[in-house]
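Close look at the chain arrangement
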Amino acid sequence: MMKDPLVQELLYEVINEEEEGSINIIECLIEGKVTDEEIAEYTELRLNIVRRVLYKLYDAGLASYKRSKDPETQWYTYTWKFETERVEEMIKRKHDEIVTNLKSILEYEENNMFFVCKTSDCRCTFDEASENGFICPKCDGEMEFVDNAPIIEQIKEELHLYDGHEVDFGAENS
Ligand SMILES: [Zn+2]
């Protein structure tokens, strides 16, 4: 799961730490190291960084903790758990947003003809171009028809990528 670029992107967004190796904190959690001390020791990150990252994950709903009191020392121990299912949910939601957005762009591209300016990169729809007598509203250059088939193809390819993308959430348990 951690090797999935989309998972990594999401986690980096949540963690948002300059500290190198902070993503390893999650790997530790997944591998069953449950206290901040254990994680700090294993990752060789400072304890306050580990704690900060853990609380960021908690804040995003990606981690949870249980508090228990040591009967001898009276100190509290926090045992942490990574919420894999929530990651799955968040990624699915993000995918859905991207796909919805791509589909609306695709529809717009498919339902319109486009004209571009010869001298700059202005681009408008047929309606906009004809309103201006096929003269560029920005630079007075001549507008000419451009086939948007390559753009449509590109959007479709991108959509296809999301269609086929499955995050492997089971790997760590095997
Ligand atoms: Zn122009």
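Residues numbered from 1 in each chain as written. Predicted model: local features only at pLDDT ≥ 70, side-chain atom pairs only at ≥ 80, totals over all residues.

Some thoughts on the packing of helix H1 (residues 5-15) against helix H5 (residues 84-110)
The criterion, for reference: Axis definition: a line fit to C-alpha positions, over the contact stretch in the case of helices; interaxial angles, taken between N-to-C directions, run 0 to 180 degrees. Where helices and strands are cited, they refer to DSSP runs of H or I of at least four residues and of E of at least two residues respectively, numbered from the N terminus. When describing relative orientation, an angle under 35 degrees is termed roughly parallel and one over 145 degrees roughly antiparallel, while 65 to 115 degrees is termed roughly perpendicular and anything else oblique. C-beta atoms are placed from the backbone for every residue, and two residues are taken to be in contact when these atoms lie within 7 Å. Polarity classes work like this: nonpolar for Ala, Val, Leu, Ile, Met, Phe, Trp, Tyr, Cys and Pro, charged for Asp, Glu, Lys and Arg, and polar for all others, with Gly in that last group.
Closest axis-to-axis distance for the H1/H5 pair is 10 Å, and the angle between their directions is 100°. In terms of axis orientation, H1 runs roughly perpendicular to H5. Residues Leu6, Val7 and Leu10 of H1 form the contact with H5, whose own contacting residues are Val87, Met90, Ile91 and Lys94. Classifying every residue of the contact of H1 with H5 gives 6 nonpolar, no polar and 1 charged.

Points about the domain arrangement of the protein chain
Let me state the cut-off plainly: Per the annotation, domain bounds derive from an automatic or database assignment of domains.
For the protein chain, the domain assignment lists domain 1 (5-82) and domain 2 (95-165). Computed over C-alpha atoms only, the centres of domain 1 and domain 2 are separated by 45 Å.

Re the nonpolar core
Stated precisely, the cut-off is as follows: Here a nonpolar core is just a set of buried residues of the types Ala, Val, Leu, Ile, Met, Phe, Trp, Tyr and Cys, joined wherever their C-beta atoms sit within 7 Å. Note on burial: count the other C-beta atoms lying within 10 Å of the residue's C-beta; 20 or more is buried, 12 or fewer is exposed, in between is partly exposed, and C-beta positions come from the backbone.
One finds Ile25, Leu29, Val50, Leu54 and Ala63 to be the most contacted residues of the largest nonpolar core, which totals 19 residues. Those elements giving two or more residues to this core turn out to be H1, helix H2 (24-30), helix H4 (47-59), strand E2 (76-82) and H5. If sequence neighbours within four positions are ignored, alanine 63 has contacts with Leu29, Leu54, Leu57, Tyr58, Trp80, Lys81, Phe82 and Glu83. Grouped together as the second largest cluster of nonpolar side chains are 6 residues, Phe115, Cys117, Cys136 and Met143 included.

Notes on the sheet that holds strand E5 (residues 143-146)
Formally: For two strands to be treated as a pair, DSSP must find no fewer than two bridges joining them.
Reading across from one edge, E4-E3-E5 is the order of the 3 strands in this open sheet, with antiparallel pairing throughout. In the strand order of this sheet, the two ends are held by strand E4 (123-125) and E5, each with one partner. Each strand of the sheet is rotated relative to its neighbour by a mean of 35°, with strand direction disregarded. Of the strand pairs in this sheet, strand E3 (residues 114-117) and E4 are connected by 3 bridges, and their pairing is antiparallel.

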